[in-house]
Number of protein chains: 2
Amino acid sequence: MVELPVVNQPVHRSGALLDHLARRMRLRAESVLAPLGLRPRHLVTLTVLRQQGGCSQQALSGTLEMDGTNVVGLLNDLERDGLIERRRSPEDRRRHVVVLTDKGARVLVKAECALAAVEDDVLGALDETQRETLYGLLQQAATGVPIVCTGDDADTEQC
Amino acid sequence: MVELPVVNQPVHRSGALLDHLARRMRLRAESVLAPLGLRPRHLVTLTVLRQQGGCSQQALSGTLEMDGTNVVGLLNDLERDGLIERRRSPEDRRRHVVVLTDKGARVLVKAECALAAVEDDVLGALDETQRETLYGLLQQAATGVPIVCTGDDADTEQC
DNA sequence: ACAAATAGCTTGCCCTACACAAACGATTAA
DNA sequence: TTAATCGTTTGTGTAGGGCAAGCTATTTGT
(Lines give C-alpha, C1' and ligand atoms only; values in the text may rest on other atoms or scores of the structure.)
Protein backbone atom coordinates (compact mmCIF):
# COMPACT_ATOMS: atom_id res chain seq x y z
CA MET A 1 0.00 0.00 0.00
CA VAL A 2 1.56 3.19 -1.17
CA GLU A 3 1.35 6.23 1.05
CA LEU A 4 -0.23 9.02 -0.87
CA PRO A 5 1.69 12.28 -0.71
CA VAL A 6 -0.94 13.89 1.45
CA VAL A 7 1.71 16.41 2.55
CA ASN A 8 1.13 16.05 6.22
CA GLN A 9 2.34 19.57 6.92
CA PRO A 10 5.68 18.65 8.43
CA VAL A 11 5.61 21.81 10.50
CA HIS A 12 7.57 23.99 8.07
CA ARG A 13 8.75 26.79 10.30
CA SER A 14 10.54 29.51 8.40
CA GLY A 15 12.32 31.00 11.38
CA ALA A 16 15.57 29.10 11.19
CA LEU A 17 15.81 29.47 7.42
CA LEU A 18 15.14 33.15 7.70
CA ASP A 19 17.88 33.40 10.27
CA HIS A 20 20.30 31.40 8.19
CA LEU A 21 19.76 33.32 4.99
CA ALA A 22 19.79 36.66 6.72
CA ARG A 23 23.19 35.80 8.14
CA ARG A 24 24.62 34.76 4.79
CA MET A 25 23.26 37.92 3.29
CA ARG A 26 24.49 40.15 6.06
CA LEU A 27 28.01 38.81 6.03
CA ARG A 28 28.40 39.65 2.36
CA ALA A 29 26.49 42.88 2.59
CA GLU A 30 28.83 44.26 5.21
CA SER A 31 31.79 44.47 2.89
CA VAL A 32 29.72 45.81 0.01
CA LEU A 33 28.10 48.47 2.17
CA ALA A 34 31.28 49.55 3.92
CA PRO A 35 32.49 51.81 1.08
CA LEU A 36 29.16 53.63 1.31
CA GLY A 37 29.68 54.22 4.99
CA LEU A 38 26.71 52.04 5.80
CA ARG A 39 26.09 48.88 7.74
CA PRO A 40 23.34 46.36 7.36
CA ARG A 41 21.30 47.79 10.18
CA HIS A 42 21.47 51.25 8.66
CA LEU A 43 20.05 49.79 5.52
CA VAL A 44 17.25 48.17 7.47
CA THR A 45 16.47 51.50 9.06
CA LEU A 46 16.45 53.33 5.76
CA THR A 47 14.27 50.63 4.25
CA VAL A 48 11.75 50.91 7.05
CA LEU A 49 11.73 54.67 6.76
CA ARG A 50 11.15 54.57 3.05
CA GLN A 51 8.25 52.23 3.35
CA GLN A 52 6.41 53.83 6.24
CA GLY A 53 7.33 57.44 5.70
CA GLY A 54 8.03 59.85 8.52
CA CYS A 55 7.43 58.53 12.00
CA SER A 56 8.24 59.29 15.56
CA GLN A 57 11.44 57.98 16.90
CA GLN A 58 9.86 55.60 19.32
CA ALA A 59 7.53 54.30 16.67
CA LEU A 60 10.66 53.49 14.74
CA SER A 61 12.20 51.87 17.77
CA GLY A 62 9.00 49.87 17.89
CA THR A 63 9.13 48.60 14.33
CA LEU A 64 12.81 47.89 14.52
CA GLU A 65 12.18 46.24 17.87
CA MET A 66 15.32 47.85 19.07
CA ASP A 67 16.05 49.73 22.23
CA GLY A 68 15.35 53.44 21.93
CA THR A 69 18.81 54.31 23.12
CA ASN A 70 20.42 52.48 20.25
CA VAL A 71 18.03 53.92 17.73
CA VAL A 72 19.29 57.34 18.71
CA GLY A 73 22.82 56.32 17.80
CA LEU A 74 21.65 54.79 14.57
CA LEU A 75 19.82 57.95 13.59
CA ASN A 76 22.78 60.09 14.61
CA ASP A 77 24.87 58.23 12.04
CA LEU A 78 22.27 58.62 9.34
CA GLU A 79 21.62 62.27 10.11
CA ARG A 80 25.30 63.12 10.11
CA ASP A 81 25.48 61.76 6.56
CA GLY A 82 22.36 63.67 5.61
CA LEU A 83 20.36 60.55 4.85
CA ILE A 84 17.58 61.33 7.28
CA GLU A 85 16.20 64.39 8.98
CA ARG A 86 14.74 64.87 12.42
CA ARG A 87 11.98 67.41 12.35
CA ARG A 88 10.09 68.61 15.35
CA SER A 89 6.56 67.39 15.28
CA PRO A 90 4.21 70.41 15.08
CA GLU A 91 1.50 68.90 17.25
CA ASP A 92 3.84 67.61 19.91
CA ARG A 93 7.13 69.38 19.92
CA ARG A 94 8.73 66.76 22.11
CA ARG A 95 8.55 64.33 19.27
CA HIS A 96 10.94 64.04 16.39
CA VAL A 97 9.51 63.11 13.05
CA VAL A 98 12.14 61.10 11.28
CA VAL A 99 12.10 61.37 7.52
CA LEU A 100 14.20 60.04 4.71
CA THR A 101 15.90 62.85 2.79
CA ASP A 102 16.25 62.86 -0.98
CA LYS A 103 19.85 61.98 -0.56
CA GLY A 104 18.85 59.20 1.77
CA ALA A 105 16.53 57.76 -0.84
CA ARG A 106 19.20 58.02 -3.49
CA VAL A 107 21.84 56.38 -1.34
CA LEU A 108 19.41 53.63 -0.44
CA VAL A 109 18.82 52.88 -4.10
CA LYS A 110 22.52 53.01 -4.77
CA ALA A 111 23.16 50.59 -1.95
CA GLU A 112 20.52 48.25 -3.24
CA CYS A 113 22.11 48.28 -6.64
CA ALA A 114 25.47 47.56 -5.10
CA LEU A 115 23.92 44.57 -3.42
CA ALA A 116 22.92 42.93 -6.66
CA ALA A 117 25.92 40.66 -6.66
CA VAL A 118 25.35 39.68 -3.07
CA GLU A 119 21.80 38.73 -3.76
CA ASP A 120 22.81 36.83 -6.86
CA ASP A 121 25.13 34.89 -4.65
CA VAL A 122 22.81 34.14 -1.76
CA LEU A 123 19.60 33.75 -3.73
CA GLY A 124 21.30 32.13 -6.68
CA ALA A 125 19.02 29.12 -6.50
CA LEU A 126 15.99 31.28 -7.21
CA ASP A 127 15.09 32.63 -10.60
CA GLU A 128 13.96 36.19 -11.17
CA THR A 129 10.28 35.44 -10.68
CA GLN A 130 10.85 33.53 -7.51
CA ARG A 131 12.96 36.34 -6.10
CA GLU A 132 10.22 38.81 -6.84
CA THR A 133 7.71 36.54 -5.13
CA LEU A 134 10.00 36.25 -2.16
CA TYR A 135 10.39 40.01 -1.99
CA GLY A 136 6.64 40.46 -2.12
CA LEU A 137 6.05 38.01 0.68
CA LEU A 138 8.75 39.50 2.88
CA GLN A 139 7.43 42.97 2.25
CA GLN A 140 3.91 41.92 3.08
CA ALA A 141 5.03 40.12 6.20
CA ALA A 142 6.99 43.14 7.31
CA THR A 143 4.35 45.75 6.63
CA GLY A 144 1.09 43.91 6.88
CA VAL A 145 0.12 45.37 3.54
CA PRO A 146 -0.34 42.83 0.73
CA ILE A 147 2.04 44.68 -1.62
CA VAL A 148 1.27 47.99 -3.19
CA CYS A 149 1.63 48.52 -6.92
CA THR A 150 2.52 52.20 -7.06
CA GLY A 151 1.79 53.51 -10.51
CA ASP A 152 4.09 56.49 -9.98
CA ASP A 153 7.30 54.65 -10.52
CA ALA A 154 9.44 57.73 -10.56
CA ASP A 155 12.35 55.48 -9.73
CA THR A 156 13.16 55.28 -13.38
CA GLU A 157 16.90 55.90 -13.32
CA GLN A 158 17.62 52.67 -11.56
CA CYS A 159 21.07 51.14 -11.50
CA MET B 1 2.11 62.74 -20.96
CA VAL B 2 1.38 59.95 -18.57
CA GLU B 3 4.14 57.61 -17.54
CA LEU B 4 3.02 54.09 -18.19
CA PRO B 5 3.46 51.76 -15.21
CA VAL B 6 6.16 49.80 -16.98
CA VAL B 7 7.23 48.56 -13.54
CA ASN B 8 10.80 49.62 -13.89
CA GLN B 9 12.04 47.02 -11.43
CA PRO B 10 12.57 49.35 -8.50
CA VAL B 11 15.51 47.23 -7.38
CA HIS B 12 13.65 45.10 -4.82
CA ARG B 13 16.46 43.78 -2.71
CA SER B 14 15.34 41.32 -0.10
CA GLY B 15 18.37 41.63 2.13
CA ALA B 16 17.11 44.28 4.49
CA LEU B 17 13.68 42.72 4.79
CA LEU B 18 15.24 39.36 5.47
CA ASP B 19 17.33 40.93 8.17
CA HIS B 20 14.42 42.74 9.68
CA LEU B 21 12.10 39.75 9.81
CA ALA B 22 14.82 37.45 11.05
CA ARG B 23 15.38 39.80 13.94
CA ARG B 24 11.73 40.00 14.87
CA MET B 25 11.53 36.25 14.69
CA ARG B 26 14.69 35.67 16.68
CA LEU B 27 13.73 37.99 19.48
CA ARG B 28 10.52 36.09 20.08
CA ALA B 29 12.04 32.71 19.45
CA GLU B 30 14.61 33.17 22.17
CA SER B 31 12.09 33.15 24.98
CA VAL B 32 10.12 30.27 23.48
CA LEU B 33 13.22 28.19 22.94
CA ALA B 34 14.77 28.87 26.33
CA PRO B 35 12.69 26.29 28.19
CA LEU B 36 13.96 23.68 25.72
CA GLY B 37 17.52 24.65 26.47
CA LEU B 38 17.98 25.88 22.94
CA ARG B 39 18.83 29.13 21.28
CA PRO B 40 18.05 30.31 17.82
CA ARG B 41 21.44 29.40 16.46
CA HIS B 42 21.12 25.87 17.82
CA LEU B 43 17.91 25.59 15.90
CA VAL B 44 19.59 26.78 12.75
CA THR B 45 22.28 24.18 13.23
CA LEU B 46 19.78 21.39 13.79
CA THR B 47 17.80 22.52 10.77
CA VAL B 48 20.86 22.46 8.57
CA LEU B 49 21.83 19.04 9.87
CA ARG B 50 18.40 17.63 9.23
CA GLN B 51 18.32 18.86 5.70
CA GLN B 52 21.80 17.88 4.60
CA GLY B 53 22.35 14.82 6.75
CA GLY B 54 25.68 13.92 8.27
CA CYS B 55 28.58 16.11 7.30
CA SER B 56 32.03 16.97 8.40
CA GLN B 57 32.41 19.65 10.95
CA GLN B 58 34.13 22.06 8.66
CA ALA B 59 31.54 21.51 5.98
CA LEU B 60 29.04 22.56 8.59
CA SER B 61 31.12 25.55 9.49
CA GLY B 62 31.04 26.32 5.80
CA THR B 63 27.27 26.18 5.41
CA LEU B 64 26.70 28.08 8.61
CA GLU B 65 29.38 30.50 7.48
CA MET B 66 30.58 30.55 11.01
CA ASP B 67 34.03 30.30 12.44
CA GLY B 68 35.09 26.72 13.11
CA THR B 69 35.94 27.54 16.70
CA ASN B 70 32.39 28.59 17.45
CA VAL B 71 30.90 25.63 15.65
CA VAL B 72 32.77 23.40 18.07
CA GLY B 73 31.10 25.10 20.99
CA LEU B 74 27.75 24.91 19.31
CA LEU B 75 28.13 21.20 18.69
CA ASN B 76 29.37 20.66 22.23
CA ASP B 77 26.09 22.05 23.48
CA LEU B 78 24.05 19.91 21.16
CA GLU B 79 26.05 16.77 21.86
CA ARG B 80 25.81 17.25 25.61
CA ASP B 81 22.04 17.24 25.22
CA GLY B 82 22.20 14.19 22.97
CA LEU B 83 20.72 16.01 20.00
CA ILE B 84 23.64 15.28 17.71
CA GLU B 85 26.44 12.74 17.53
CA ARG B 86 30.01 13.08 16.38
CA ARG B 87 31.14 9.90 14.69
CA ARG B 88 34.60 9.31 13.40
CA SER B 89 34.62 9.19 9.66
CA PRO B 90 35.73 5.73 8.52
CA GLU B 91 37.63 6.94 5.46
CA ASP B 92 39.38 9.75 7.28
CA ARG B 93 39.52 9.28 10.97
CA ARG B 94 40.50 12.86 11.59
CA ARG B 95 37.09 13.94 10.54
CA HIS B 96 33.95 13.96 12.60
CA VAL B 97 30.73 13.13 10.87
CA VAL B 98 28.07 15.14 12.59
CA VAL B 99 24.65 13.56 12.58
CA LEU B 100 21.30 14.41 14.04
CA THR B 101 20.18 11.83 16.58
CA ASP B 102 16.60 10.60 16.84
CA LYS B 103 16.22 12.68 19.93
CA GLY B 104 17.63 15.62 18.03
CA ALA B 105 15.05 15.20 15.31
CA ARG B 106 12.26 14.91 17.86
CA VAL B 107 13.39 17.96 19.77
CA LEU B 108 13.66 19.89 16.55
CA VAL B 109 10.08 19.07 15.67
CA LYS B 110 8.98 19.93 19.17
CA ALA B 111 10.75 23.25 18.97
CA GLU B 112 9.15 24.00 15.65
CA CYS B 113 5.76 23.29 17.09
CA ALA B 114 6.50 25.55 20.02
CA LEU B 115 7.33 28.26 17.54
CA ALA B 116 3.90 28.24 15.96
CA ALA B 117 2.74 31.21 17.99
CA VAL B 118 5.87 33.14 17.16
CA GLU B 119 5.39 32.59 13.49
CA ASP B 120 1.74 33.48 13.72
CA ASP B 121 2.85 36.72 15.24
CA VAL B 122 5.63 37.65 12.85
CA LEU B 123 4.10 36.27 9.67
CA GLY B 124 0.59 37.20 10.65
CA ALA B 125 0.09 39.17 7.46
CA LEU B 126 0.55 36.04 5.37
CA ASP B 127 -2.07 33.37 4.94
CA GLU B 128 -1.30 29.68 5.13
CA THR B 129 -0.58 29.31 1.43
CA GLN B 130 1.70 32.30 1.35
CA ARG B 131 3.63 31.01 4.33
CA GLU B 132 4.13 27.69 2.63
CA THR B 133 5.33 29.47 -0.49
CA LEU B 134 7.70 31.50 1.61
CA TYR B 135 9.03 28.40 3.29
CA GLY B 136 9.55 26.74 -0.06
CA LEU B 137 11.47 29.69 -1.43
CA LEU B 138 13.65 30.02 1.65
CA GLN B 139 14.36 26.32 1.62
CA GLN B 140 15.28 26.39 -2.02
CA ALA B 141 17.46 29.43 -1.57
CA ALA B 142 19.22 27.82 1.35
CA THR B 143 19.79 24.42 -0.20
CA GLY B 144 19.90 25.09 -3.90
CA VAL B 145 17.38 22.32 -4.38
CA PRO B 146 14.00 23.42 -5.79
CA ILE B 147 12.08 21.74 -2.94
CA VAL B 148 11.76 18.02 -2.56
CA CYS B 149 8.37 16.40 -2.22
CA THR B 150 9.27 13.39 -0.13
CA GLY B 151 6.52 10.88 -0.47
CA ASP B 152 7.62 9.19 2.74
CA ASP B 153 6.14 11.73 5.05
CA ALA B 154 6.73 9.67 8.12
CA ASP B 155 6.46 12.83 10.13
CA THR B 156 2.87 12.06 10.83
CA GLU B 157 2.68 12.61 14.56
CA GLN B 158 3.21 16.31 14.25
CA CYS B 159 2.33 18.72 16.98
C1' DA C 1 60.28 6.29 7.82
C1' DC C 2 59.79 10.94 8.36
C1' DA C 3 58.20 15.46 7.36
C1' DA C 4 54.26 18.16 6.09
C1' DA C 5 49.54 19.07 5.97
C1' DT C 6 44.78 18.56 7.84
C1' DA C 7 40.50 17.99 11.22
C1' DG C 8 39.21 19.01 15.29
C1' DC C 9 39.55 20.92 20.13
C1' DT C 10 40.83 24.32 23.67
C1' DT C 11 42.08 28.73 25.45
C1' DG C 12 42.51 33.45 25.31
C1' DC C 13 41.86 38.08 23.44
C1' DC C 14 39.18 41.52 21.33
C1' DC C 15 35.52 43.94 19.08
C1' DT C 16 30.77 44.90 18.17
C1' DA C 17 25.71 44.77 18.97
C1' DC C 18 22.46 45.56 22.26
C1' DA C 19 19.88 45.76 26.29
C1' DC C 20 19.22 48.28 30.48
C1' DA C 21 19.47 52.09 33.87
C1' DA C 22 20.09 56.76 35.32
C1' DA C 23 19.97 61.53 34.82
C1' DC C 24 18.95 65.61 32.05
C1' DG C 25 16.28 69.26 29.02
C1' DA C 26 12.31 70.28 26.54
C1' DT C 27 7.49 69.93 26.27
C1' DT C 28 2.95 68.66 27.26
C1' DA C 29 -0.92 67.29 30.23
C1' DA C 30 -3.36 66.91 34.76
C1' DT D 1 2.61 73.37 39.45
C1' DT D 2 3.34 68.76 39.34
C1' DA D 3 3.64 64.71 36.72
C1' DA D 4 4.30 62.27 32.63
C1' DT D 5 6.50 61.84 28.00
C1' DC D 6 10.11 62.19 23.96
C1' DG D 7 14.47 62.28 23.01
C1' DT D 8 19.49 62.45 24.29
C1' DT D 9 23.71 61.31 26.65
C1' DT D 10 26.54 58.47 29.39
C1' DG D 11 27.53 54.73 31.55
C1' DT D 12 27.57 49.39 32.49
C1' DG D 13 27.02 44.67 31.42
C1' DT D 14 26.42 40.63 28.56
C1' DA D 15 26.55 37.83 24.53
C1' DG D 16 27.89 36.72 19.73
C1' DG D 17 31.46 35.74 17.28
C1' DG D 18 35.98 36.51 14.70
C1' DC D 19 40.92 35.50 15.04
C1' DA D 20 45.28 33.33 16.54
C1' DA D 21 48.15 30.08 18.98
C1' DG D 22 49.07 25.61 20.54
C1' DC D 23 47.77 20.80 21.08
C1' DT D 24 46.49 15.74 19.49
C1' DA D 25 45.29 12.47 16.17
C1' DT D 26 45.59 11.24 11.61
C1' DT D 27 46.63 11.29 6.82
C1' DT D 28 49.64 12.17 2.85
C1' DG D 29 53.77 13.15 0.24
C1' DT D 30 58.63 12.30 -0.33
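Residues numbered from 1 in each chain as written. Chains lettered and ligands numbered in written order. Predicted model: local features only at pLDDT ≥ 70, side-chain atom pairs only at ≥ 80, totals over all residues. Heavy atoms only, no water.

- By the naming in an unreviewed UniProt entry, chain A is MarR family transcriptional regulator, taken from Actinoallomurus iriomotensis.

1. A short note on the sheet that holds strand β1 (residues 55-56) of chain A
All names here are of chain A.
1) Next: Pairing is antiparallel across the open sheet formed by three strands, whose spatial order is β1-β3-β2. Every other strand in the sheet has two partners, leaving β1 and β2 (84-88) as the edge strands with one partner each.
2) Next: Sheet topology note: the β1/strand β3 (residues 96-100) ladder contains two bridges and is antiparallel. Bridge pairing in β3 links S56 to V97.
3) Next: Relative to the sheet, helix α4 (residues 68-80) contacts β2 and β3, its axis offset from that of β2 by approximately 110°. (Pairing = 2+ DSSP bridges. Helix = DSSP H or I, 4+ residues; strand = E, 2+ residues; numbered from the N terminus. Contact = heavy atoms within 4.5 Å. Axes fitted to C-alpha atoms, helices over the stretch in contact; angles between N-to-C directions.)

2. So, the protein's contact with DNA strand C
1) Next: Within the structure, DNA strand C sits among 21 residues, and R39, R41 and R93 of chain A together with Q57 and Q58 of chain B are positioned closest to it.
2) Next: Of all DNA strand C atoms lying within 4 Å of any protein atom, the proportion belonging to sugar or phosphate reaches 71%.
3) Next: In this structure, R23 of chain B approaches DNA strand C through a side-chain N or O atom, which is 3.2 Å from a phosphate oxygen.
4) Next: When residues of the surface near DNA strand C are traced back to their parent elements, those giving at least two are α4 of chain A together with α3 (57-64) and α4 (68-80) of chain B. (Near = heavy atom within 4 Å. Polar contact = N/O pair within 3.5 Å; in protein donor to acceptor, adjacent residues only side chain to side chain.)

3. What to know about the interface of chain A and chain B
1) Next: Of the residues lining the interface, 61 residues belong to chain A; the matching set on chain B comes to 61 residues.
2) Next: Buried area between chain A and chain B, summed over both chains or domains, comes out near 6000 Å², and the portion from carbon and sulfur atoms is 62%.
3) Next: It is R13, L17 and E65 of chain A that lose the most area in chain A upon contact with chain B, and together they represent 12% of the buried surface on that side.
4) Next: Run the count over chain A and chain B and you get eight salt bridges.
5) Next: Put simply, E65 of chain A and R28 of chain B hold a salt bridge, and the shortest N to O gap is 2.8 Å.
6) Next: Among the secondary structure elements, those contributing two or more residues to the side of chain A that touches chain B are α1 (15-33), α2 (40-52), α3 (57-64), α5 (102-114), α6 (116-122) and α7 (128-143) of chain A.
7) Next: Examining the composition of the side of chain A that touches chain B, we find that 14 residues originate from one element, α1 of chain A, more than from any other.
8) Next: When its residues are assigned to classes, the side of chain A that touches chain B shows 30 nonpolar, 17 polar and 14 charged. (Buried area = accessible area lost by both parts, 1.4 Å probe. Salt bridge = Lys/Arg side-chain N within 4 Å of Asp/Glu carboxyl O. Nonpolar A, V, L, I, M, F, W, Y, C, P; charged D, E, K, R; others polar.)

4. Thoughts on the relation of the copies chain A and chain B
1) Next: Rotating chain A by 180° and translating it 0.0 Å along the rotation axis places it on chain B, where the RMSD comes to 0.0 Å. Taken together, these values place the two copies in the relation of a two-fold axis.
2) Next: Of the interface residues in chain A, 98% have counterparts in chain B that sit at the interface too, so the contact is made through matching surfaces. (Least-squares fit on C-alpha atoms with pLDDT ≥ 70 in both.)

5. Some words on the protein's contact with DNA strand D
1) Next: Lining the immediate surroundings of DNA strand D are 21 residues, of which Q57 and Q58 of chain A together with R39, R41 and N70 of chain B lie closest.
2) Next: Counting only the atoms of DNA strand D within 4 Å of the protein, the fraction contributed by sugar and phosphate is 74%.
3) Next: Measuring from a phosphate oxygen of DNA strand D, one finds a side-chain N or O atom of N76 of chain A at 3.1 Å.
4) Next: At a separation of 2.7 Å, a phosphate oxygen of DNA strand D approaches a polar side-chain atom of R93 of chain B.
5) Next: Mapped by element, the contributors of at least two residues to the surface near DNA strand D are α3 and α4 of chain A together with α4 of chain B.
6) Next: Ranked by the residues each element gives to the surface near DNA strand D, the list is headed by α4 of chain A, at three residues.
7) Next: Looking at the surface near DNA strand D residue by residue, the classes come out as two nonpolar, eight polar and eleven charged.

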